[in-house]
Amino acid sequence: MGKRGEDWNWSIQYIMNTYGFKFKKSLGQNFIKEESIVAKIADAANIEAKSLVIEIGPGSGMLTKQLALRASQVLAYEIDSQLENILDIELNKFTNIDIIFADFLKRNIKDDIARYNFDHLYLVANLPYYITTPIITKFIEEDIPVDKIVIMVQKEVGERFNAKSGTKEYSSLTVFLNYYFDIKSEFLVSKDSFIPKPNVDSIVISLTKRKVLLPLHDKTHFFTLVRNSFKFKRKNLRNNLKEYNLDKVEQALNSLNKKLTNRAEELTLEDFVFISNYLTEE
C-alpha cells in the first residue's frame, strides 16, 4: 500500500480508538483508507474558483479536508450524530467548512445554500447504495443549481448510470440522468480500499450538468412515458404502454425504425424525447 496509505489507514484506526467510534451498518458507512483515492475523487470534480461544494456523509472528514483545500466553501450533511465531536476536532483548522447534522433528504437545500455567495455548485460524496438515487433525484426535482456531481457508488449502480441502450444495465434511471447530465466513469475503487471492507467494488462517476437540454413539449409526460416503458423489463413496448394511444406510439416508433415489439432498453434518450413530443404535439 505504501507509507502514505499506511498512515491514512492508521489515522482511521486512531479515530476509531480515540473517539470510540463504531460503524453503523444501517447507514452504509464505509470509510476510505487510502489518501490517494480521496484526493483523486476531489480532483475529479475540477472545482473552480468561488465555489460551494456539498458533501453528504463526511464520515471522519477525510474527503472533506481535500474539498476544503480546493473550494471556497464546503457544506457537509451528516446524519450520524456520533460523528459530531469527531468532525468538530478533526476539521477545526478549517474556516471554510460548515456541517449540518441532519438528514439531507429532509432539508430545504435551496434555503441552506442561499446564505453562501458562489459561482459554481458541486456535489462530491461517497454515497451508500440505498440513498444514491433519492439524493440525485432530489437535486433534479428541487431544481438545485448544481454544476457537477462526483460520487462514489457501488460499481453495479454506477454502471447503470452510464449504461448504453441495448444493454441489461440500461434503465429508466439511465434515461433520466442522461437527460440532465453528461455522465462519465472516472475510475474504479477496490473494496479493499475501505474500512470496514464492503462486499463489492465501487466506482467514481461524474455527472456534469448539460448546458442545453433536449426540448420537450411536456416534461412530466416524458418522465412518465419513460417510467412506464420500463415498468416490466422483460415485456415489450406494446405491453408496457397499453394505457397510451398505441396507434400514435406505433407511428412515432416507425419514424425511428422501431416497433411496438421492441423493448424499452432498445430506445435511446433521443428516441424517448421524440416519442413523448409526438404524443403531446397539438
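Relevant structure appears above.
Below is a summary of the structure that appears in this document. (Residues numbered from 1 in each chain as written. Predicted model: local features only at pLDDT ≥ 70, side-chain atom pairs only at ≥ 80, totals over all residues. Heavy atoms only, no water.)

Here's the deal with the pairing of strand E3 (residues 73-77)
Convention followed: Only protein chains enter the accessibility calculation, which uses a 1.4 Å probe; a residue whose area is less than 20% of its type maximum is buried, one above 50% is exposed, and one in between is partly exposed. Secondary structure elements are taken from DSSP: a helix is a run of H or I of four residues or more, a strand is a run of E of two residues or more, and numbering for both begins at the N terminus. Only strands joined by at least two bridges in the DSSP assignment are considered to pair. When the strands point away from the viewer and the path from the first strand over the helix to the second turns clockwise, the crossover is right-handed.
Extensive coverage of E3 is indicated by the burial of four of its five residues. As paired elements, strand E2 (residues 51-56) and E3 share five bridges and run parallel to each other. Within E3, the residue paired with Ile 54 across the bridge is Leu 75. Viewed along the sheet, the connection from E2 through helix H3 (residues 62-68) into E3 turns out right-handed.

Observations concerning the pairing of strand E6 (residues 148-154)
The element E6 is largely enclosed, with a buried count of six among its seven residues. Inspection of the sheet shows strand E5 (residues 120-126) paired to E6 by five bridges, in the parallel sense. Bridge assignment links Asn 126 to a residue of E6, and that residue is Met 152. On the question of chirality, the crossover connecting E5 to the parallel E6 by way of helix H6 (residues 129-141) is right-handed. Across seven bridges, the pairing between E6 and strand E9 (residues 202-209) is antiparallel. Looking across to E9, one finds that Met 152 is bridged to Val 204.

What about the environment of Ile 99?
We count it as follows: What makes two residues a contact is simply this: any of their non-hydrogen atoms within 4.5 Å.
Looking at where Ile 99 falls in the secondary structure, it is placed in strand E4 (residues 97-100). If near-sequence neighbours (up to four positions away) are discounted, Ile 99 is found in contact with Ala 76, Glu 78, Leu 87 and Leu 91.

As for the side chain of Lys 148
Just so we agree on the cut-off: By the counting rule applied here, Lys and Arg register as positive and Asp and Glu as negative, while His and the ends of each chain are not counted. Salt-bridge detection follows one rule: a side-chain nitrogen of Lys or Arg within 4 Å of a carboxyl oxygen of Asp or Glu. The definition of a polar contact used here is a pair of N or O atoms within 3.5 Å, where within protein one atom must be able to donate a hydrogen and the other to accept one, and adjacent residues in sequence count solely through side-chain atom pairs.
Of note, Lys 148 is situated in strand E6. We note that Lys 148 is buried and unpaired, the nearest opposite charge coming from Glu 186 at a distance of 4.9 Å. A polar contact of 3.0 Å, which involves the side chain of Lys 148, links it to the backbone oxygen of Ala 44. Those residues in contact with Lys 148 that lie beyond four places of it in its chain are Ala 44, Ala 45, Asn 46, Leu 121, Tyr 122, Leu 123, Ser 206, Leu 207 and Thr 208.

Focus on H6
Using the following cut-off: Throughout, the arc means that of the directions going from the helix axis to the C-beta atoms.
Of the residues making up H6, those classed as buried are Ile 131, Thr 132, Ile 135, Ile 136, Lys 138 and Phe 139. The buried residues of H6 occupy one face: seen down the axis, they fall within an arc of 150°. Check the buried side of H6 and you find it contacts E2, helix H5 (109-113), E5, E6, helix H7 (155-161) and helix H8 (172-180). After H6 finishes, the residue Asp 143 shows a positive phi value of roughly 50°.

Details of the pattern of salt bridges
The tally for this structure, following the rule as stated, stands at eight salt bridges. The partner of Arg 70 in a salt bridge is Asp 43, with the nearest N and O atoms 2.8 Å apart. Taken as a pair, Arg 70 in the loop between H3 and E3 and Asp 43 in helix H2 (residues 35-44) lie far apart in primary sequence, 27 residues in all. According to the relative accessible area criterion, Asp 43 is partly exposed, its value standing at 43%. Asp 112 serves as the salt-bridge partner of Arg 107, at 2.8 Å between the closest nitrogen and oxygen.

A few points about the sheet that holds E3
The criterion, for reference: To obtain each axis, a line is fitted to C-alpha atoms, and for helices this fit is confined to the stretch in contact; angles are then taken between N-to-C directions over 0 to 180 degrees.
Spatial ordering of the open sheet is given by E4-E3-E2-E5-E6-E9-E7, a layout of seven strands whose pairing is mixed. Of all strands in the sheet, those with a lone pairing partner are E4 and strand E7 (181-189), marking the two edges. Strand-to-strand twist in this sheet, taken as the mean axis angle between neighbours without regard to direction, amounts to 20°. The strands touched by H2 are E5, E6, E7 and E9; relative to E7, the strand with the most contacts, the crossing angle is about 165°. Contacts from H8 reach E7 and E9 within the one sheet, and its direction differs from that of E7 by about 115°.

As for the packing of aromatic side chains
We apply this condition: Each Phe, Tyr or Trp ring, with Trp reduced to its six-membered ring, pairs with another whose centre is within 6.5 Å; inter-plane angles below 30 degrees give stacked pairs, above 60 give edge-to-face pairs, and intermediate values give tilted ones. Counting as a charge over the ring demands two things of the Lys NZ or Arg CZ atom: a distance within 6 Å of the ring centre and an angle within 35 degrees of the ring normal.
Within the structure shown, the criterion is met by 11 aromatic pairs. Ring geometry for Tyr 77 versus Phe 104: centroids 5.1 Å apart, planes at 80°, classification edge-to-face. Of the two residues, Tyr 77 sits in strand E3 while Phe 104 sits in the loop between E4 and H5, which places them 27 residues apart along the sequence. Accessibility expressed as a relative area gives 2% for Tyr 77, which makes it buried. Ring centres of Phe 222 and Phe 223 lie 5.0 Å apart, and the angle between their planes is 65°; this geometry places the pair in the edge-to-face category. When sorted by exposure, Phe 222 lands in the same class as Phe 223, which is buried. Ring pairing ties together the aromatic residues Phe 176, Tyr 179, Tyr 180, Phe 222 and Phe 223, which thus form one cluster. In this structure, Lys 235 is placed above the aromatic ring of Phe 232, and the distance from its NZ or CZ to the ring centre is 4.8 Å.

Digging into the packing of H8 against helix H12 (residues 269-280)
Cut-off, in case you're wondering: Orientation is classified from the angle alone, with under 35 degrees giving roughly parallel, over 145 giving roughly antiparallel, 65 to 115 giving roughly perpendicular, and any other angle giving oblique. Classes in brief: Ala, Val, Leu, Ile, Met, Phe, Trp, Tyr, Cys and Pro nonpolar; Asp, Glu, Lys and Arg charged; the others, Gly included, polar.
Closest axis-to-axis distance for the H8/H12 pair is 10 Å, and the angle between their directions is 90°. Relative to H12, the element H8 lies roughly perpendicular. Contact residues: H8 offers Val 175, Asn 178 and Tyr 179, while H12 offers Leu 269, Phe 272 and Val 273. Each residue belonging to the contact of H8 with H12 can be placed in one class, and the counts come to five nonpolar, one polar and no charged.

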